[in-house]
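Listed below, chain by chain, are the residues.
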Amino acid sequence: WHQTWVDSAGLLLLLEGRARDGKMVLEGQTTEPDGRITRHRITWTPDPDGSVRQLWESTTSGGDWTVAFDGRYTRR
């Protein structure tokens, strides 16, 4: 799978991945203006009630993963 994110500041994030253990996991990286690389991992997990959790984590090289976004999508 492939996903492309572009924000209003011109940030481009290209994500690649696949389904693993019942979840969709996509990973990619961005380069900050100072040259620092930030890695991104976004995981979508379906729940039995039909909702889907989206967990977006990021880290700089050698750093710990931190949560950038943790959301849940539900049907109306």
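Just so you know, these numbers come straight off a predicted model, no measurement behind them. (Residues numbered from 1 in each chain as written. Predicted model: local features only at pLDDT ≥ 70, side-chain atom pairs only at ≥ 80, totals over all residues. Heavy atoms only, no water.)

## Description of the packing of aromatic side chains
Scanning all chains against the criterion turns up one aromatic pair. Here the basic side chain of arginine 41 rests over the ring of tryptophan 65, its NZ or CZ set 3.9 Å away from the ring centre. (Phe/Tyr/Trp six-rings, centres within 6.5 Å; stacked < 30°, edge-to-face > 60°. Lys NZ or Arg CZ within 6 Å of the ring centre and 35° of its normal.)

## What about the pairing of strand S4 (residues 37–46)?
Burial of S4 is extensive: seven of the ten residues sit out of reach of the surface. The pairing of strand S3 (residues 23–31) with S4 spans eight bridges and is classified as antiparallel. Following the sheet pairing, valine 25 is matched in S4 by threonine 43. Between S3 and the antiparallel strand that follows it, S4, lie five residues; glycine 35 among them carries a positive phi value of about 90°. Turn length for the S4-strand S5 (residues 52–60) hairpin, with the two strands adjacent in sequence and antiparallel, is five residues, and the turn residue glycine 50 shows positive phi of about 95°. (Buried < 20%, exposed > 50% of the residue type's maximum accessible area, 1.4 Å probe, protein only. Helix = DSSP H or I, 4+ residues; strand = E, 2+ residues; numbered from the N terminus. Pairing = 2+ DSSP bridges.)

## Section: the environment of glutamate 32
Counting through the fold element by element, glutamate 32 comes out in the loop between S3 and S4. Overall, glutamate 32 belongs to the partly exposed group, its relative accessible area being 25%. Taking the C-alpha atoms as reference points, glutamate 32 and threonine 45, 13 residues apart in sequence, are found 29 Å from one another. A polar side-chain atom of glutamate 32 sits 3.0 Å from a polar atom in the side chain of threonine 38. (Polar contact = N/O pair within 3.5 Å; in protein donor to acceptor, adjacent residues only side chain to side chain.)

## Overview of the environment of aspartate 21
By the secondary structure assignment, aspartate 21 is in the loop between strand S2 (12–20) and S3. Judged by its relative accessible area of 81%, aspartate 21 falls in the exposed class. In sequence terms aspartate 21 and valine 52 are 31 residues apart; their C-alpha atoms lie 15 Å from each other.

## Section: the nonpolar core
Nonpolar side chains tend to gather and get buried jointly when the protein is soluble and globular. Of all hydrophobic cores here, the largest spans seven residues; its members are Leu13, Leu15, Met24, Leu26, Ile42, Trp44 and Trp56. Secondary-structure elements contributing two or more residues to this core are S2, S3 and S4. With residues up to four places along the chain from it excluded, the contact list for tryptophan 56 reads Trp5, Leu13, His40, Arg41, Ile42, Thr66, Val67, Ala68 and Phe69. (Core = buried A, V, L, I, M, F, W, Y, C linked by side-chain atoms within 4.5 Å. Contact = heavy atoms within 4.5 Å.)

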